[in-house]
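What the coordinates show
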Amino acid sequence: MPPVRYWQENGKDENQAGGDGGKAPQQKEPKTKKRKQEEAKGGGKKFISGKPDPFPGPAPIPQDRLDKFKRKETIKKRRKQHYKLKDMISRSEETSQMAQKQAARFDILLPEDAGFLEGEEEEDTCTISQEDIADAVDITSGAKYFNLKLSQFGPYRVDYSKTGRHLLLGGRRGHVACVDWQSKQLMCEINVMESVNDVKWLHTETMYAVAQKKWLYIYDSNGIELHCIRKFNDVLRMQFLPYHFLLATASATGFLQYLDVSVGKEVAAICTKTGRLDVMCQNPRNAIIHLGHSNGTVTLWSPNQREALVKMLCHRGGVRSVTVDKSGTYMLTSGMDKKLKVYDIRTFKPLNSYFLPAGASCLSLSQRGLLSAATGDIVQVYRDVWSTPVTKPYMAHRVRGTAWGLQFCPFEDVLGVGHGDGFTSMLVPGAGEPNFDGLDANPYRSVKQRQEWEVKALLEKIQPELITLNPNELGQVDNATFTQRHQDRVTALGFDPLAKEKFVPRFKKKGRSSTGSIEKRKKKVAHEDLRDVIRETVEDKMKVAKERKEKDLKTGVSSGTKSALDRFKK
Amino acid sequence: MKVKVLSRNPDDYVRETKLDIQRVPRNYDPTLHPFEVNREYCRALNATKLERVFAKPFLASLDGHRDGVNCMAKHTRSLSTLLSGACDGEVRVWDLTKRECVRTLQAHEGFVRGMVVRFCGTSFFTAGDDKTIKQWKMEAPGYGEEEEPINTILGKTVFTGLDHHQKDNVLATCGQQVDIWDEQRSSPIRSFTWGVDSFSSVRFNPVETELLASCASDRSIVLYDMRESAPLKKVIMTMRSNTLCWNPMEAYYFTCANEDYNLYTYDMRYLRQPVTVHMDHVSAVLDVDYSPTGKDFVSASFDKTIRIFPKDAGHSKEVYHTKRMQHVICVKWSSDSKYVLSGSDEMNIRLWKANAAEKLGMLAPRERAAVNYSQKLKEKFQHHPQIRRIAHHRHLPKNIYHETKELRTMKEARRRKERNVRKHSKPGSVPVVSEKEKHVVTVLK
C-alpha cells in the first residue's frame, strides 16, 4: 500500500466514522445469530482493551496453494435440475471446498523446505564441483556424495526403491547388489553368472526382479532366487507400476508383457511388432507405458489394448531415452538426432526442443522436475526444462565411465548414476520432494509399518483393466449413448427387447394368400410407427396454425386497422 | 555459493521409545497420491464385498411357545423386554439380553389376538378369543401368589385387535366394530361402525393421539377421530389389508400390509392414491412395523420371509429368511432401532439385526471412523455396475426366487395385453392407469 497522503487522512477518518456508524446497528441485531456467521463477520469483535482485532476473520489462504489442491472445476448449475440433486451437488461441493481449504492450510505447516543451489555473481552453478557442495553441507548430507568403484562387472543399471532408502545395482556382467545406501549397509550381493539387462525393485525392498540374459528372475533381499519366470524371455527393460502391482517388461523380441506380482500371473502379452524394445518408461500419473523405437516413434501402451494407444513421431533417427514427469503432463525424449524434446502429453504437442552436442543416452526426472541427462561420461542436470528455454545446465558432473543408468532418489537430493566404472551418488540440491507422506512412502518406516502398508496396498490394488489415459475417468459420469446402452442390454439379455416382431401374414384360403395379396397386407402394417408420428406432427401443426389464425383474427378485429402487408398473410 | 541439501533429522520421523506410537507425517499433495479415484473405487468395492461377507443378520431364536406366535408387544420403557402371545392363549415375557423367557401366563382360552403395553410400562393388556380384555401387571407375581389379571373386561364379541392410547387411560379394540374403552369401565365409551364388516387391526396415531386407523375386512381402511361420533373417512382398495402401522416421525403417513402381496404407504390427508407401493413379497403380507427413526419399516409375510423397506422405496433393501422359519405372523422393530423381532407359525420368535452387516457392541473410535469412511465410499460409488451388483445381491430360497420370476412374467403379460388393447381401441378410451392408482377403488367420507 502506498503511504498515506495528508489529504487522505480526513477522508479516512470519515470512512472510519462511517464504518462505526454502520456497525452500530449491526450490534443491535438479535443475539441468536449462529457462531459461524459471527466468525465470518470477524472484525466486529473487540478486545477488552478496546482495540479492534488487527487480523479479523480466518487467515487468508494464498490462491496458488488452493489451486494446488484443486481436484475439479465447480459444476455448472443447470436451470432445470431436480431439487434433491441440486442439494446433493451443493453439499458435496461445500465439503470438497472445505477439504481443499484445510489441505491448503495444512500445507503451510509442512516441516521441510526444498534444497537449492545458488552461485555467487558471475558464477555458474554448473561449474560448482560435487566436492565443493559436499564440503559446504552438513556431514550426513556430505556423505551422500560417494563413488563405488566397481570396475570388474560394469556398466551398472540403477534402481532406487519407492521410499528411496534402498539401492539396487545390476552390473552388465552379472553383478547384482542391493544396498541400504544411506547407512551404506550391504543387504546382499550376488553374481548371477549371466549378463544382466535391467534390475527393478518390486513393491517392497524385500524383493527385486532381474532381467537376465534369457529369463526374468525374482530374488529376495538376501539374494535367494525366488522365481525364474520362463514366460518372460529376453527382457531388456522393466518398469514396476506400484499401485497396480504390475511389472511391465519390454523384450528384445518386441513383446511388452505385464506380470501381476501379487498373484504371479501374466496379465497381458502384447506383440508390439516394432522390433527390439530397449527404451521404456512409465507415466506415473496413469500407469501407461511409453516405449521408444528405433524409427523415432514413441508409443503409449496399456495392458487392455492390443494396439498402441498413441503413436508419436518424436525424432529423426531412433529414440534413445524417454521419461515422463510426476504429474503426467510432460514427456521428455532424446534421440539419435542429438535432440532433447519436451512434449505435452495432454495434447501430444511439442513444447521445446534442445540440441545437445553429444546427444543424451539416459534421461531421468526428479520429483521436483529437475532433468538429468547423461551424455557419454558427463551427467548434466537441467532445471525448468518445459517452462522456459534453457541454455545452461544447472549442474554437471563427469563420471569415470560411460553412464549406463540414471535415477533420482525419491525424497532425497541425490542422483544415482550407474556407469562403466561403478556407481556414483551425486548431490543435486532441490531434486527431491522435501515432505513425504507417511502412509504412502515412508523412508523411515519400521518393519511393522512396512508390513502394515503392504497389506493395505495389496487390498487396494488397482485392477489392470482400470489403466486408461485418463485416470479420473472412473469418477466421471458415464454418458453412454442410447445406442451403446441398448447394445449392452442386448448382449446382457441375449436378445433385443425392443426388437419388433416381424409381421407374418396369416395364411388365407381361396387364393387370398397369393403373393400379391400378401404383399398388400404387409404394406398395410409397414411403417406403422412412422405413420403414427407423422400423423401426430401433422395434427399438431394444423392445430398451431388454426390457433394462430384465430388469434390473428381477434387482434385484427380489436385493432380494426388493416395493414398493407396483410394481404401476404396466410 | 549458497547451498542447501535436504537433510532430515531421523528423530523427527521415528518414535522416541517403543512405548510411543509410530509417527506418520502426512503430505496431502495430490501429485504424491496418484490414482485417487481408482484406489477409492477399489476400497469401495472391498467395503461392499465385506459388507456382504459380514451380513449375518440372524442373532437368536427364542423358543418356548407351544403354539404359533400370534402377536407381540414392545415394552414402552424397557428395551430388553418383549411380550408375545401365542395361538393357545399363552403369553410369555422375554428378556432379550439373556434371550430367555422370564414369565409365562395362560391369559386366554383360544388365541391371544392382541397385546399392548400401557404407556407407563407397569401393566399390559391382552385381548383374546374368549371375548375378554385382561389387564396384567408387568411384574411377575410373588412367591405363592396366583397369576391373576388386575382387571378383566367382558366383551360381547370376539376381539381381533387391541391398541392403547399414548397418554390417556383409553383403549381401542376392534372386532365387529371399533370400540373405544375407558380402562376403568366395563362398557365401551364409543363404538364405530361403517357398513357391515369386521376389523382386523386398529392403531392409534402416535403423534395426533386422538386419531385412529383400522383395517376392515371389506377391503377398506377407516380413519377415526376418537372425539367424534362418526368415522372420518375410508379408502377401499382392491384387496384386504391385514394390518397397518403409522410412521412415528411423519405421523400423517401410514403403511398397510395388504393381501395382494404389496404394502401401501398412504398420506392420511390424501387417500386418493398411495404415496408409494412397496412390492417384493410373493405372498400375503401379514404384519408391518416402522423403525423408531421412521426411515424404514419391516414387513412379515406368508411367504416365510421378512423384508425391510426404506419408507419411500418401491422395493425392499433387505430380505431375511431361514430354512426353519415358517409363515411369519408378527414382526416388531425394536425401540433402539437396532433389532427386528419376528414371530412365526412354528412357535419361535427370532431376533435379527436391523442392519445386517453391522457390528454389534461398542466400537473403538478408529473402528467407528473406518466404518463411517467405508459407508461414505459405498455411497459414493453405489451406481457403478460392479458395486451395485454385489450390494444388491440377496440369496433367496428357491421357491421364492421362482415365484418372483413367475409374478414378473405374469405382470409383463398383463401389461402387454393392456398395451395391445389400448392400441386397438379408440384413442383415449383405455386410459393409462398407474400402479398407484390401480389398487384404490374409492375414497368415502
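Residues numbered from 1 in each chain as written. Chains lettered and ligands numbered in written order. Predicted model: local features only at pLDDT ≥ 70, side-chain atom pairs only at ≥ 80, totals over all residues. Heavy atoms only, no water.

Things to note about the overall build of chain B
A tally of regular secondary structure across chain B gives five helices and 30 strands. Relative to its full complement of 445 residues, chain B shows a buried share of 47%. In chain B, the proportion of contacts linking residues at least 24 apart, taken out of those at least 6 apart, comes to 49%. Computed over 71 positive and 56 negative side-chain charges, the separation of the two mean positions in chain B equals 9 Å. (Helix = DSSP H or I, 4+ residues; strand = E, 2+ residues; numbered from the N terminus. Buried < 20%, exposed > 50% of the residue type's maximum accessible area, 1.4 Å probe, protein only. Contact = heavy atoms within 4.5 Å. Lys, Arg positive; Asp, Glu negative; His and termini not counted. Charge placed at Lys NZ, Arg CZ, Asp CG, Glu CD.)

Points about the packing of helix α1 (residues 36-54) of chain B against helix α3 (residues 385-392) of chain B
All names here are of chain B. With their axes 9 Å apart at the nearest point, α1 and α3 run at an angle of 10° to one another. Classified by the angle their axes make, α1 and α3 are roughly parallel. Across the interface between the two elements, Y41, A44, L45, T48, K49 and R52 of α1 pack against Q386, I387, I390 and A391 of α3. (Axes fitted to C-alpha atoms, helices over the stretch in contact; angles between N-to-C directions. Parallel < 35°, antiparallel > 145°, perpendicular 65-115°, else oblique.)

Quick look at the UniProt feature "repeat: WD" (unreviewed entry) in chain B
All names here are of chain B. Annotation from UniProt places "repeat: WD" (unreviewed entry) at residues 62-104, 105-139, 278-309 and 321-362. Along residues 62-104, the helical share is 0% and the strand share 58%, with 13 Å between the first and last C-alpha atoms. Segment residues 278-309 splits into 0% helix and 53% strand. End C-alpha atoms: 8 Å apart. (UniProt positions renumbered as here; feature names shortened; annotations may be inferred.)

A word on the domain arrangement of chain A
Each assigned domain of chain A is listed here: domain 1 (126-458) and domain 2 (479-523). Summarising the inter-unit geometry, the C-alpha centres of domain 1 of chain A and domain 2 of chain A are found 61 Å apart. (Domains from an automatic or database assignment.)

What to know about the confidence of the model for chain B
Residues and elements named next belong to chain B. When pLDDT is averaged along chain B, the result is 93, and 100% of the positions lie at 70 or above. Within chain B, the element-level pLDDT minimum falls on helix α5 (residues 435-438), averaging 91, and the maximum on strand β25 (residues 306-310), averaging 97. Our summary of model confidence lists the complex with pTM equal to 0.84 and ipTM equal to 0.84. (pLDDT = per-residue confidence, 0-100.)

Focus: a positive patch on the surface
Residues R506, K508, K509, K510, R512, K520 and K524 of chain A make up a contiguous surface patch of positive charge. If you trace the backbone, K510 of chain A turns up in the loop between α8 (482-493) and α9 (515-525). (Patch = residues over 30% accessible without salt bridge, like charges linked within 9 Å, V, L, I, M, F, W, Y side chains within 5 Å. Areas by Shrake-Rupley, 256 points an atom, 1.4 Å probe, with all protein chains shown as cover. Salt bridge = Lys/Arg side-chain N within 4 Å of Asp/Glu carboxyl O.)

What to know about the sheet that holds strand β29 (residues 422-427) of chain A
Residues and elements named next belong to chain A. Pairing is antiparallel in the open sheet, where four strands are placed in the order β2-β29-β28-β27. The outermost strands of the open sheet, each flanked by one partner alone, are β2 (146-149) and β27 (403-408). With direction set aside, neighbouring strand axes in the sheet form an average angle of 15°. Judged from the four bridges that link them, β2 and β29 form a sheet pairing that is antiparallel. Pairing of N147 across the sheet is with T424, part of β29. (Pairing = 2+ DSSP bridges.)

Some thoughts on the environment of R388 of chain B
All names here are of chain B. Locating R388 in the fold gives a position in helix α3. We classify R388 as partly exposed; its relative accessible area is 39%. Taking the C-alpha atoms as reference points, R388 and S201, separated by 187 residues in sequence, lie 38 Å from one another. Once residues within four sequence positions are removed from consideration, R388 is found in contact with Q382 and H383.

So, the packing of aromatic side chains
Per the counting criterion, the structure on display carries 22 aromatic pairs over all chains. On the basis of an interplanar angle of 40° and a centroid distance of 6.0 Å, the ring pair of F436 of chain A and Y444 of chain A is categorised as tilted. Ring geometry for W246 of chain B versus F254 of chain B: centroids 5.2 Å apart, planes at 65°, classification edge-to-face. With respect to class, W246 of chain B is no different from F254 of chain B; both count as buried. Lying over the aromatic face of W215 of chain A, K214 of chain A brings its terminal NZ or CZ to 5.6 Å of the ring centre. Seen from the ring of W453 of chain A, R445 of chain A lies directly overhead, with NZ or CZ sitting 4.9 Å from the centre. (Phe/Tyr/Trp six-rings, centres within 6.5 Å; stacked < 30°, edge-to-face > 60°. Lys NZ or Arg CZ within 6 Å of the ring centre and 35° of its normal.)

A few points about the interface of chain B and chain A
If you look at the interface, chain B gives 35 residues, while chain A gives 63 residues. A buried area of about 4500 Å², summed over both sides, lies between chain B and chain A, and 57% of it is on carbon and sulfur atoms. When the buried surface of chain B facing chain A is broken down by residue, M1, L6 and R8 of chain B rank first, second and third, together holding 18% of it. Inspection of the region where chain B meets chain A yields seven salt bridges. Salt-bridge contacts for E460 of chain A lead to R43 of chain B; the nearest nitrogen and oxygen are separated by 2.7 Å. At the surface where chain B touches chain A, the tally comes to 22 residue pairs in polar contact (both at pLDDT 80 or more). When residues of the side of chain B that touches chain A are traced back to their parent elements, those giving at least two are β1 (2-4) and α1 of chain B. In the side of chain B that touches chain A, the residues fall into 17 nonpolar, eight polar and 10 charged. (Buried area = accessible area lost by both parts, 1.4 Å probe. Polar contact = N/O pair within 3.5 Å; in protein donor to acceptor, adjacent residues only side chain to side chain. Nonpolar A, V, L, I, M, F, W, Y, C, P; charged D, E, K, R; others polar.)

So, the UniProt feature "domain: Sof1-like protein" (unreviewed entry) in chain B
According to UniProt, the "domain: Sof1-like protein" (unreviewed entry) feature falls on residues 354-440 of chain B. Secondary structure over residues 354-440 of chain B splits into 62% helix and 1% strand, and the C-alpha atoms at its two ends are 31 Å apart.

Describing the environment of A55 of chain B
Residue and element names in this part refer to chain B. Along the chain, the position of A55 falls in the loop between α1 and β2 (58-63). Residue A55 is classed as buried on the basis of its relative accessible area, which comes to 15%. Taking the C-alpha atoms as reference, A55 lies 9.3 Å from K353; in sequence the two are 298 residues apart.

Some points on the state of the cysteines
All names here are of chain A. Summed over the entire model, instances satisfying the criterion amount to zero disulfides over all chains. No disulfide involves C188; its nearest neighbouring cysteine sulfur is the one of C178, lying 3.2 Å away. Residue C188 is classed as buried on the basis of its relative accessible area of 5%. (Disulfide = S-S within 2.5 Å.)

Topic: α8 of chain A
In an α-helix, one turn spans 3.6 residues, which is why side chains three or four residues apart end up on the same side. All names here are of chain A. For α8, which comprises 12 residues, the first-to-last C-alpha distance of 16 Å matches the rise-based estimate of 16 Å (1.5 Å per residue) to within 8%. Of all 12 residues that make up α8, one are buried, and the element is exposed over most of its length. Positive backbone phi, approximately 90°, marks G494, located one or two places after α8. (Expected span 1.5 Å × (residues − 1).)

Notes on the nonpolar core
Grouped together as the largest cluster of nonpolar side chains are 44 residues, with contacts concentrated most on L256, Y258, I289, L291 and M331 of chain A. The biggest single contributor to this core is α1 of chain B, with five residues. Those residues in contact with L291 of chain A that sit more than four places away from it in its chain are A250, L256, T272, L277, V279, M280, T297, V298, T299 and W301 of chain A. Among the nonpolar cores identified, the runner-up in size contains 34 residues, and C362, L370, Y394 and L427 of chain A belong to it. (Core = buried A, V, L, I, M, F, W, Y, C linked by side-chain atoms within 4.5 Å.)

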